[in-house]
Amino acid sequence: MSDITLKGNTIHTVGQLPEVGTQVKNFRLVNDKLEVKTLEDYQGKKVIFNIFPSIDTGVCAASARKFNEEATSLENTIVVNVSKDLPFALGRFCAAEGLNNVDTLSDFRGTFGEDYGVTITDSPMQGLLSRAIVVADESGKVIYTEQVPEITQEPDYEKAIAALK
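The model shown is predicted, which means the values in this text are computed figures rather than measured ones.

Definitions and cut-offs
- Residues numbered from 1 in each chain as written.
- Predicted model: local features only at pLDDT ≥ 70, side-chain atom pairs only at ≥ 80, totals over all residues.
- Heavy atoms only, no water.
- Helix = DSSP H or I, 4+ residues; strand = E, 2+ residues; numbered from the N terminus.
- Rg over C-alpha atoms; globule rule 2.2 N^0.38 Å.
- Buried < 20%, exposed > 50% of the residue type's maximum accessible area, 1.4 Å probe, protein only.
- Contact = heavy atoms within 4.5 Å.
- Areas by Shrake-Rupley, 256 points an atom, 1.4 Å probe, with all protein chains shown as cover.
- Core = buried A, V, L, I, M, F, W, Y, C linked by side-chain atoms within 4.5 Å.
- pLDDT = per-residue confidence, 0-100.
- Salt bridge = Lys/Arg side-chain N within 4 Å of Asp/Glu carboxyl O.
- Polar contact = N/O pair within 3.5 Å; in protein donor to acceptor, adjacent residues only side chain to side chain.
- Pairing = 2+ DSSP bridges.
- Right-handed = clockwise from strand over helix to strand, strands pointing away.
- Phe/Tyr/Trp six-rings, centres within 6.5 Å; stacked < 30°, edge-to-face > 60°.
- Patch = residues over 30% accessible without salt bridge, like charges linked within 9 Å, V, L, I, M, F, W, Y side chains within 5 Å.

### Thoughts on the overall build of the chain
Scanning the chain from terminus to terminus reveals four helices and nine strands. Put simply, the chain runs from its N terminus to its C terminus through helices and strands in the order β-β-β-β-β-α-β-α-β-α-β-β-α. Over its C-alpha atoms the chain spans a radius of gyration of 14 Å, differing by no more than 12% from the 15 Å that the globule rule assigns to 165 residues. Burial analysis of the chain (165 residues in total) assigns 52% to the buried set. Taking the intrachain contacts of the chain between residues at least 6 apart in sequence as the baseline, contacts between residues at least 24 apart amount to 65%. Entry remark: accessible area of the chain is about 7700 Å², with carbon and sulfur atoms responsible for 48%.

Okay, here's the thing in structure tokens:
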């Protein structure tokens, strides 16, 4: 269990992020066309998982925009935004914002949050995903993680990108 904060108040997640050096776990996430995406869809690519509570919050939207911008310069790398938002809401946001360099996927019917240790267990945000980053290399090995300590703060983009170089 991770202790994080929401506006200074302690909240918890179901577990810990995957450890650096371990293999990322398979997942079943859903895109805006209701197609299931799994780890196999990203085989041979570096992956940045940008995990957040909801695209409808300012910080989550900012991280999606920032990683979309950064993704254009990352060789053999895909950014995967993950939240519990419905796929339709994620698709609408990405279309309105012109986010076409990232995959934005929903865990609304999956176990990604539990498998990656990021489901929030208490507070008004119970059931949503915490703000976190997991970066994996081409072989699926975790090379960087960040559990953002305060949910209203943005992740450390520079460290996540630097892990890929």
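On we go from here.
### Considering the nonpolar core
A general tendency of soluble globular proteins is for nonpolar side chains to be buried together. Counting 21 residues, the largest nonpolar core has Ile-48, Phe-67, Phe-93, Ile-133 and Val-135 as its most contacted members. Secondary structure elements with two or more residues in this core: α1 (58-71), α2 (87-97), β8 (132-136) and α4 (157-162). In terms of residue count, the dominant contributor to this core is α1 (four residues). Formed by 20 residues, the second largest nonpolar core is a distinct cluster that contains Val-24, Tyr-42, Leu-105 and Val-134.

### A few points about the confidence of the model for the chain
Confidence in the prediction of the chain, expressed as mean pLDDT, is 91, and 99% of residues score 70 or more. Highest mean pLDDT in the chain belongs to strand β3 (residues 29-30) (98); lowest belongs to α1 (78).

### Quick word on the pattern of salt bridges
On inspection of all chains with the given rule, the structure shows three salt bridges. Between Asp-32 and Lys-33 there is a salt bridge whose closest N-O contact spans 3.8 Å. Note on Asp-32: relative accessible area 38%, which makes it partly exposed. Owing to a relative accessible area of 59%, Lys-33 belongs among the exposed residues under this scheme. Between Glu-70 and Lys-66 there is a salt bridge whose closest N-O contact spans 3.2 Å. Residue Glu-70 and its partner Lys-66 are both found in helix α1; the two are separated by four residues, about one turn of the helix.

### Considering the side chain of Asn-81
Within the secondary structure layout, Asn-81 lies in strand β6 (residues 77-83). A residue is classified by how much of its surface remains accessible, and Asn-81, at 0% relative accessible area, is buried. Engagement of the side chain of Asn-81 in a polar contact is seen with the side chain of Asn-50, the distance being 2.8 Å. Setting aside its immediate chain neighbours within four residues, Asn-81 contacts Asn-50, Phe-52, Ala-64, Val-102, Asp-103, Thr-104 and Leu-105.

### Comments concerning the pairing of strand β7 (residues 102-106)
Of all five residues in β7, four are buried; the element is thus mostly enclosed. Inspection of the sheet shows β6 paired to β7 by five bridges, in the parallel sense. Opposite Ser-83, over in β7, you have Ser-106 as the bridge partner. Where the polypeptide runs from β6 across α2 and back to β7, its parallel neighbour, the crossover connection is right-handed.

### Looking at the environment of Asp-103
Following the sequence through the fold, Asp-103 ends up in strand β7. Asp-103 sits in the partly exposed class, given a relative accessible area of 24%. Residues Asp-103 and Val-82 lie 21 residues apart in sequence; the distance between their C-alpha atoms is 8.6 Å.

### As for the pairing of strand β9 (residues 142-147)
Across five bridges, the pairing between β8 and β9 is antiparallel. Residue pairing for β9: Val-135 is matched across the bridge by Tyr-144.

### Details of the packing of aromatic side chains
For the structure shown, the criterion picks out seven aromatic pairs. Members of the aromatic cluster, joined through ring pairs, are Phe-27, Tyr-42, Phe-49, Phe-112 and Tyr-116.

### Considerations on a nonpolar patch on the surface
A surface patch of nonpolar side chains, about 370 Å² in accessible area, is lined by Leu-34, Leu-86, Phe-88 and Phe-108. Within the element layout of this structure, Leu-86 appears in the loop between β6 and α2.

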